[in-house]
Amino acid sequence: SSRHNDYIHDVSFDCYGRRMATCSGDRFVRIWDYVLIENNNNNNMEDSNEEENLGWQLSSEFQAHRGSVTKVTWCHSEYGTLVATCSNSDVKIWEEQTPQQYQGAAKKSWTVKAHLTEARRDVTCLEFCPRTFGLQLATGSSDGICRMYEAVDLMNLSQWPIKASWSVDSSSVPSTFTSGGGGITCLSWCTSRFEPQTLALGTHTHVSLWRYHSPSRQYISLLSFPKHPGAVLSVAWAPNVGRRFHWIASCENGGALRVYQLKRNYSTTNDNNNDNDTMEEEDESNKNKKNCLELESIKILPSNQPLWKCQWNVTGTVLATSGDGGIVQLWKCDTSSGQWKCVSQINGMINNNTPTANNEEYNAAVMINNNNNTIGSNSSGGSTATMNTMTMMQLG
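What this report covers is the structure whose coordinates are included nearby. Just so it is clear, the model here is predicted, and its values are computed rather than measured.

Topic: the sheet that holds strand S17 (residues 207–213)
An order of S15-S16-S17-S18 is seen for the 4 strands of this open sheet, with the pairing classed as antiparallel. The open sheet has two edge strands with one neighbour each: strand S15 (184–189) and strand S18 (218–224). Shown here is a sheet whose adjacent strand axes are inclined to one another by a mean of 30 degrees, direction ignored.

Thoughts on the pattern of salt bridges
A complete count under the given rule lists 10 salt bridges for this structure. Ionic pairing is found between Glu96 and Arg19, a salt bridge with its closest N-O pair at 2.9 Å. Of the two residues, Glu96 sits in strand S7 (residues 90–96) while Arg19 sits in strand S2 (residues 19–24), which places them 77 residues apart along the sequence. For the pair formed by Glu96 and Arg19, the shared burial category is buried. Here Lys113 and Glu95 are joined by a salt bridge, their closest N and O atoms 3.6 Å apart. Residue Lys113 is found in strand S10 (residues 110–116), and its partner Glu95 is found in strand S7; the two are separated by 18 residues along the sequence.

Thoughts on the pairing of strand S13 (residues 145–150)
Across 5 bridges, the pairing between strand S12 (residues 136–141) and S13 is antiparallel. Of the residues in S13, the one forming a bridge with Ala138 is Met148. Relative to strand S14 (residues 162–167), S13 runs antiparallel, the two being bridged by 5 bridges. Among the inter-strand pairings, Arg147 is bridged to a residue of S14, identified as Ser165.

Section: the nonpolar core
By size, the foremost hydrophobic cluster in this structure holds 19 residues, and its most contacted members are Val91, Ile93, Leu116, Phe128, Leu135, Leu137 and Trp160. Elements that contribute at least two residues to this core include exactly strand S6 (82–87), S7, S10 and strand S11 (123–128). Not counting residues up to four positions away in its chain, the partners in contact with Leu137 are Ala84, Val91, Ile93, Leu116, Leu126, Glu127, Phe128, Arg147, Met148, Tyr149 and Trp160.

Side note on the packing of aromatic side chains
Per the stated rule, a full pass over the model turns up 14 aromatic pairs. Their ring planes at 20 degrees and their centres at 4.5 Å tell us that Trp166 and Tyr219 sit as a pair that is stacked. Highlighted residues: Trp166 in strand S14 and Tyr219 in strand S18, separated in sequence by 53 residues. You can call Trp166 buried: its relative accessible area is 7%. The exposure class of Tyr219 is buried, given its relative accessible area of 4%. Among the aromatic residues, those joined into a ring-pair cluster are Phe62, Trp74, Trp94 and Trp110. The ring of Tyr212 has Lys163 lying over it, and the distance from NZ or CZ to the ring centre is 4.2 Å.

Quick word on a nonpolar patch on the surface
The grouping of Leu295, Ile298 and Ile300 at the surface amounts to a nonpolar patch, some 230 Å² of accessible area in total. With a relative accessible area of 54%, Ile300 lands in the exposed category.

Some details on the environment of Glu96
Among the residues examined, Glu96 registers a relative accessible area of 17% and is labelled buried. A C-alpha to C-alpha distance of 9.7 Å links Glu96 and Ser60, two positions 36 residues apart in sequence. In this view, Glu96 contacts Arg19, Thr81, Lys108, Ser109 and Trp110; residues no more than four positions away in its chain are not counted. Of the polar contacts made by the side chain of Glu96, one reaches the side chain of Arg19; its length is 2.9 Å.

Cut-offs applied
- Residue indices begin from 1 for each chain and proceed along its sequence in written order.
- Reporting of local features is limited, given that this is a predicted model, to residues whose pLDDT is at least 70; pairs of side-chain atoms are given and counted only at 80 or more, and all residues count toward the totals for whole chains, interfaces and linings.
- Side-chain descriptors were evaluated using all non-hydrogen atoms of the structure, hydrogens and water having been removed beforehand.
- Two strands qualify as a pair provided DSSP detects at least 2 bridges between them.
- Numbering of helices and strands runs from the N terminus; a helix is a DSSP stretch of H or I covering at least four residues, while a strand is a stretch of E covering at least two.
- Under this scheme, a helix contributes an axis fitted over its contacting stretch, all axes are lines through C-alpha atoms, and angles between N-to-C directions fall in the 0 to 180 degree range.
- A pairing counts as a salt bridge when a side-chain nitrogen of Lys or Arg comes within 4 Å of a carboxyl oxygen of Asp or Glu.
- The cut-offs for exposure are 20% and 50% of the maximum accessible area for each residue type, with area from a 1.4 Å probe on protein chains only; residues under the lower value are buried, those over the upper are exposed, and the others partly exposed.
- Think of a nonpolar core as a cluster: buried Ala, Val, Leu, Ile, Met, Phe, Trp, Tyr and Cys residues, connected wherever their side-chain atoms sit within 4.5 Å.
- The contact criterion used is simple: two residues touch if any of their non-hydrogen atoms lie within 4.5 Å.
- For Phe, Tyr and Trp, where Trp contributes only its six-membered ring, two rings pair if their centres lie within 6.5 Å, and the inter-plane angle classes them as stacked under 30 degrees, edge-to-face over 60, or tilted in between.
- Both a distance and an angle decide whether a charge sits over a ring: NZ of Lys or CZ of Arg must be within 6 Å of the ring centre and within 35 degrees of the ring normal.
- For patch building, the residue pool is restricted to those with more than 30% relative accessible area and no salt bridge; the joining distance is 9 Å between like charges and 5 Å between nonpolar side chains (Val, Leu, Ile, Met, Phe, Trp, Tyr).
- In these tables, accessible area is a Shrake-Rupley quantity obtained with a 1.4 Å probe, and a residue counts as shielded only by the protein chains included in the view.
- N or O atoms within 3.5 Å of each other form a polar contact, as long as, within protein, one can give a hydrogen and the other can take it, and as long as residues adjacent in sequence are counted only when both atoms are side-chain atoms.

What follows is the structure, given as structure tokens:
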């Protein structure tokens, strides 16, 4: 079992896919390691395949907050073993300590390094930025403000000053979201090394892109997608491995799954304006235009269940979704026709603890799992499906 006493709100894998963090309404965060499980039958241990004896084992657990823990995310291992959690308007950053011997066994402990309390309403999402930009944490809250924290001194993780903060247009928030669901609902970083520091933010109406502007040291609005009929519940920026375009997926509370295709705009400004006083401004403007992204197309994918979470695999070629039906769907794009198809479904709501998927579907799910991303559960308790349903079924 998951060892939690309440609904699991979020699941997150580390950058190697070998460790997993789960958070729940019981206020606890539990850390799981994918290790070799000891077999009581030593005679059969030598004959069995080592891969068959690998499984998820609870390595540590700690009470992260006084209230329900809604989100958890891992930092890249280059900066140590760090996780960030949020509950209500509080954000905490935790660091794993050196294992100590406890009653004959090595016990791993976690200590809080920083407590961030700048949000005025519930924090709905958080994610560490790609490691190439340093140790930074982005948080989005129901007050419509995205805050970027940065650890300026890696030897002193207790100091996380705000690098930038900006307000996303959240005017005319519907009354159904005034209890904590308005403002920013989700976020996702662009992991491409060939793009400046850029992230996608989802709100109760639409998805927008924001990019860091070095001269002003602020994030500026890059692009705003057409409005959604319902609130955006999840947004995921696909890793770009050799593609000339970007994919961004989003799902809304009405169940619609959208895939946005973006292209790079390499146009420049008019060369006739060569005034020496404005050359520096033109160079900066040309640089921004060269790195500009334009919306090329929108694909709306049909789904037979209300969706809560979407995420990509490590190469950005397979899109996974989960929702209230306890079914994980895997989507792929036919490069010849440009159409998206559901290539497989994994049903996690079964009684025999064996997901109904063939080997090809299992390998696809594991490939997504290794991207340290998850298909989380409905924070209101509607669904507990994870991106890798098979992994979750083997917990304990």
